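Now for the letters of each chain:
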Amino acid sequence: MKLQTYVNFGGNCREALAYYEKHLGAKTTALMTFGQMPDPKQVPAGMENAVMHARLEMAGAALMASDVPPAVNWQPMRSAYLTLSLDSNAEAERIFAALKDGGQVFMPMEEMFFAYRFAQLQDRFGINWMILHPKPMA
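Only a predicted model underlies this, so the values are computations on that prediction, with no experimental measurement involved. (Residues numbered from 1 in each chain as written. Predicted model: local features only at pLDDT ≥ 70, side-chain atom pairs only at ≥ 80, totals over all residues. Heavy atoms only, no water.)

**Observations regarding the confidence of the model for the chain**
If pLDDT is low for a region, its predicted coordinates should not be looked at in detail.
Line of reasoning, step 1. Scored by pLDDT, the chain comes out at a mean of 90, with 99% of its residues at no less than 70.
Line of reasoning, step 2. The spread of mean pLDDT over the elements of the chain runs between strand S1 (residues 2–9), the lowest at 87, and strand S2 (residues 27–33), the highest at 97. (pLDDT = per-residue confidence, 0-100. Helix = DSSP H or I, 4+ residues; strand = E, 2+ residues; numbered from the N terminus.)

Put into structure tokens, the structure is as follows:
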């Protein structure tokens, strides 16, 4: 199991990454826009050039980030998630079941183009989580 940090931005993710690179010595090692998604029907209107997923290496750690569609009503820090990347579907399902107990599921556990299992939820303590068993990336 790995604990990773994923932060959301209200449309200025690319600008934030460039700022962190310039001022904090970070390095963007991956970036995918919504327009690069395999299924164009899933692209939110007006989000084609927004960051769907990015990875930033900084201070010996990785920070993952993305822009959120306007309909999500982004708010600072409220949009932060702790991300657990797991090695099996069974482990992802087990962790998801434990964290959803008494919490609120935002996105149920399901297969996505980037993961065998993916879910989003808020646990009973108010912590936002993403749970995934990732697929190998090209």
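**Regarding helix H1 (residues 13–24)**
Quick reminder: α-helices carry 3.6 residues per turn. Residues three or four places apart thus point the same way.
Line of reasoning, step 1. With twelve residues, H1 extends 15 Å from end C-alpha to end C-alpha; this agrees with the ideal 16 Å at 1.5 Å per step.
Line of reasoning, step 2. Taken residue by residue, H1 has Cys13, Ala16 and Leu17 as its buried positions. Viewed along the axis of H1, the buried residues span an arc of 100°, placing them on a single side of the element. Residues of H1 that are exposed and point over 90 degrees away from its buried face: Glu15 and Lys22.
Line of reasoning, step 3. Looking at the packing, one finds that the buried side of H1 touches S1, S2, strand S3 (51–58) and strand S4 (61–67).
Line of reasoning, step 4. In the segment just after H1, Gly25 is the residue with positive phi, at about 75°. (Expected span 1.5 Å × (residues − 1). Buried < 20%, exposed > 50% of the residue type's maximum accessible area, 1.4 Å probe, protein only. Arc of directions from axis to C-beta. Contact = heavy atoms within 4.5 Å.)

**Here we look at helix H2 (residues 89–100)**
Line of reasoning, step 1. In this model, H2 (twelve residues) spans 16 Å end to end at C-alpha, consistent with the 16 Å of a helix rising 1.5 Å per residue.
Line of reasoning, step 2. Packed against the buried residues of H2 are strand S5 (81–85), strand S6 (104–112), strand S7 (115–122) and strand S8 (128–134).
Line of reasoning, step 3. At the C-terminal side of H2, Gly102 shows a positive phi close to 80°.

**Observations concerning the sheet that holds S8**
Pairing between the strands of a sheet is mediated by backbone hydrogen bonds and can be parallel or antiparallel.
Line of reasoning, step 1. Across the sheet, eight strands lie side by side as S2-S3-S4-S1-S5-S8-S7-S6; this open sheet has mixed pairing. Among the strands making up the open sheet, the edge pair consists of S2 and S6. Each strand of the sheet is rotated relative to its neighbour by a mean of 20°, with strand direction disregarded.
Line of reasoning, step 2. Relative to S4, S1 is paired through five bridges, and the arrangement is parallel. In the sheet register, Phe9 faces S4, and the bridge partner there is Asp67.
Line of reasoning, step 3. The strands touched by H1 within the sheet are S1, S2, S3 and S4, with S3 carrying the most contacts at an inclination of about 10°.
Line of reasoning, step 4. Contacts from H2 reach S5, S6, S7 and S8, with the element oriented near 10° to S7. (Pairing = 2+ DSSP bridges. Axes fitted to C-alpha atoms, helices over the stretch in contact; angles between N-to-C directions.)

**A look at the environment of Gln4**
Line of reasoning, step 1. Position of Gln4 among the secondary structure elements: in strand S1.
Line of reasoning, step 2. What Gln4 contacts, discounting residues up to four positions off in sequence, is Arg55, Met64, Tyr81, Leu82, Thr83 and Ser85.

**Looking at the pairing of S6**
Line of reasoning, step 1. Bridge count between S6 and S7: five bridges; the pairing is antiparallel. Considered in S7, the bridge of Glu110 is made with Phe118.

**Section: the packing of aromatic side chains**
Line of reasoning, step 1. Counting across every chain of the model gives three aromatic pairs.
Line of reasoning, step 2. Judged by centre distance (5.1 Å) and plane angle (85°), the rings of Phe113 and Phe114 are edge-to-face.
Line of reasoning, step 3. Looking at Phe113, the relative accessible area reads 33%, which means it is partly exposed.
Line of reasoning, step 4. According to the relative accessible area criterion, Phe114 is partly exposed, its value standing at 22%.
Line of reasoning, step 5. Both rings, one in Phe114 and one in Phe118, keep their centres 5.1 Å apart while their planes meet at 75°; by these two values the pair is edge-to-face.
Line of reasoning, step 6. Its relative accessible area of 7% is what places Phe118 among the buried residues. (Phe/Tyr/Trp six-rings, centres within 6.5 Å; stacked < 30°, edge-to-face > 60°.)

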